[in-house]
Amino acid sequence: MGIQDSIIINLQKIGDRRGNLSIIEEHKQIPFEIKRVYYLYDVPGGERRGGHAYKDNQEFIVALSGSFDVKLDDGIGVKTFSLNRSYYGLYVPAGLWREMENFSTNSLALILSSTDYDERDYIMNYEEFKQWREKR
Ligand code: TYD
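Because the structure is a prediction, the values reported are computed rather than measured. (Residues numbered from 1 in each chain as written. Predicted model: local features only at pLDDT ≥ 70, side-chain atom pairs only at ≥ 80, totals over all residues. Heavy atoms only, no water.)

## Some details on the overall build of the protein
Move 1: Helix and strand counts for the protein stand at one helix and 12 strands.
Move 2: Taking 14 Å as the expected radius of gyration for a compact globule of 136 residues, we find that the protein reaches 15 Å, a close match to that expectation.
Move 3: Counting all 136 residues of the protein, 40% fall into the buried class.
Move 4: A separation of at least 24 residues holds for 76% of the contacts in the protein among residues at least 6 apart in sequence.
Move 5: In the form shown here, the protein has an accessible surface area of approximately 8,000 Å², with 45% of it arising from carbon and sulfur atoms.
Move 6: A gap of 4 Å separates the mean positions of the 18 positive and 21 negative side-chain charges of the protein. (Helix = DSSP H or I, 4+ residues; strand = E, 2+ residues; numbered from the N terminus. Rg over C-alpha atoms; globule rule 2.2 N^0.38 Å. Buried < 20%, exposed > 50% of the residue type's maximum accessible area, 1.4 Å probe, protein only. Contact = heavy atoms within 4.5 Å. Areas by Shrake-Rupley, 256 points an atom, 1.4 Å probe, with all protein chains shown as cover. Lys, Arg positive; Asp, Glu negative; His and termini not counted. Charge placed at Lys NZ, Arg CZ, Asp CG, Glu CD.)

## Remarks on the sheet that holds strand 6 (residues 59–65)
Move 1: The five strands lie next to each other as 1-9-6-11-4, forming an open sheet whose pairing is antiparallel. The outermost strands of the open sheet, each flanked by one partner alone, are strand 1 (7–10) and strand 4 (36–40). In this sheet, neighbouring strand axes are inclined to one another by 25° on average, regardless of whether the strands run parallel or antiparallel.
Move 2: Examined bridge by bridge, strand 6 and strand 11 (residues 108–113) share six bridges and lie antiparallel to one another. Considered in strand 11, the bridge of Ala63 is made with Ala109. (Pairing = 2+ DSSP bridges. Axes fitted to C-alpha atoms, helices over the stretch in contact; angles between N-to-C directions.)

## Quick notes on the pattern of salt bridges
Where side chains of opposite charge bring their charged atoms close, a pairing between them can arise.
Move 1: Under the defined criterion, the tally for this structure stands at six salt bridges.
Move 2: For Asp16, the salt bridge identified is with Arg18, shortest N-O distance 2.7 Å.
Move 3: By relative accessible area, Asp16 is classed as partly exposed at 40%.
Move 4: Of the charged contacts, one joins Asp118 and Arg120 as a salt bridge, the two residues approaching to 3.0 Å between their closest N and O atoms.
Move 5: In this structure Asp118 comes out as partly exposed when scored by relative accessible area, which is 27%.
Move 6: Relative accessible area serves as the criterion here: at 66%, Arg120 is assigned to the exposed category. (Salt bridge = Lys/Arg side-chain N within 4 Å of Asp/Glu carboxyl O.)

## Some thoughts on the site of the ligand
Move 1: Around the ligand sit Arg36, Tyr38, Leu40, Arg49, Gly50, His52, Arg98, Tyr117 and Tyr122, and that is every residue in its neighbourhood.
Move 2: Taking Arg49, its side chain carries an N or O atom lying 3.0 Å from an oxygen atom of the ligand.
Move 3: Within the backbone of Gly50, an N or O atom sits 2.9 Å from an oxygen atom of the ligand.
Move 4: Here the ligand, which alone exposes 530 Å², has 60% of that area covered by the protein.
Move 5: By residue class, the composition of the shell around the ligand is four nonpolar, two polar and three charged. (Near = heavy atom within 4 Å. Polar contact = N/O pair within 3.5 Å; in protein donor to acceptor, adjacent residues only side chain to side chain. Nonpolar A, V, L, I, M, F, W, Y, C, P; charged D, E, K, R; others polar.)

So, in structure tokens, the structure goes:
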């Protein structure tokens, strides 16, 4: 999987005078089973998150509030996605280096993951990541 496999997925927006509602279901809007949900909030201005890769874990990231950028790197190229609406998200396949930055005040990042948390799935060192990609 390379950065060309990372895609913005538009979600249905059901709106009426009471507001909007969007839906994410495993194997429907997103191509994996949801094992884990976590969210990032109260991120101080200028702070970065991520800065690692997952060998197996896939993710779907939505800016439920505010905005932030997700930078993906497959060892060959880099692509940055700006997320700032609740009705779409970014599908991140396994095996990419990812960083999150430029969080706006009060931003809320929802992350759906395909695997249970496992620190052995992380590659924390960029050079190690590049070597791992080349070996695959
Ligand atoms: P980390 O994955 O480094 O966060 P980010 O990629 O947003 O910078 O995780 C930060 C801490 O939280 C680290 O100590 C591991 C822990 N953690 C869990 O225990 N379970 C989880 O599902 C996640 C994502 C993190």
